[in-house]
Amino acid sequence: QVQLVESGGGLVQAGGSLTLSCAVSGSIFSINAMGWYRQAPGKQRELVAAITSGGRTNYADSVKDRFTISRDNAKNTVDLQMNSLKPEDTAVYYCNVDVTIPSGYEDRYWGQGTQVTVSS
């Protein structure tokens, strides 16, 4: 089994900052891509940022130059530093990882979600 535990969400004023963290544990052989998605009320879940095992990053246009994704391969964690937050960033944020377990099977896992609310 693979578990993802997210932390760091909350309420912040527009222009403020938050950092989301996701810790991955369990029966893991390797962690491949890691990322953060978000889902606002009435909208589809969308990719916010992703990072490969080699450190290559990809961002949604709406968060470029404001958000930074990083990972610690030794600790099996992925963080999302969010600066200059806007009310439209309000959503439930989900951690997502592609994990290879010791048997060689690869699958995608999701965190439980953490609420980020940005007030105007």
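On a predicted model such as this, the values are computed, not experimentally measured, just so you know.

Quick look at the sheet that holds strand β8 (residues 77-82)
Reading across the sheet, the 4 strands line up as β1-β3-β8-β7 and stay open at both edges, with antiparallel pairing between neighbours. One side of each edge strand has no neighbouring strand; the edge strands of this open sheet are β1 (2-7) and β7 (67-72). Geometrically, the sheet is characterised by an average inter-axis angle of 15° between neighbouring strands, direction not taken into account. The pairing of β7 with β8 spans 6 bridges and is classified as antiparallel. The residue bridging T68 from the neighbouring strand is Q81, located in β8.

Let's talk about the side chain of E6
Topologically, E6 is positioned in strand β1. This buried residue, E6, is left without a salt bridge; R45 holds the nearest opposite charge, at 8.0 Å. At 2.6 Å, the side chain of E6 forms a polar contact with the backbone nitrogen of G113. Residue contacts for E6: discarding those within four places in its chain leaves S21, C22, W36, Y93, Y94, C95, G111, Q112, G113 and T114.

Rules used throughout
Residues numbered from 1 in each chain as written. Predicted model: local features only at pLDDT ≥ 70, side-chain atom pairs only at ≥ 80, totals over all residues. Heavy atoms only, no water. Pairing = 2+ DSSP bridges. Helix = DSSP H or I, 4+ residues; strand = E, 2+ residues; numbered from the N terminus. Axes fitted to C-alpha atoms, helices over the stretch in contact; angles between N-to-C directions. Buried < 20%, exposed > 50% of the residue type's maximum accessible area, 1.4 Å probe, protein only. Lys, Arg positive; Asp, Glu negative; His and termini not counted. Salt bridge = Lys/Arg side-chain N within 4 Å of Asp/Glu carboxyl O. Polar contact = N/O pair within 3.5 Å; in protein donor to acceptor, adjacent residues only side chain to side chain. Contact = heavy atoms within 4.5 Å.

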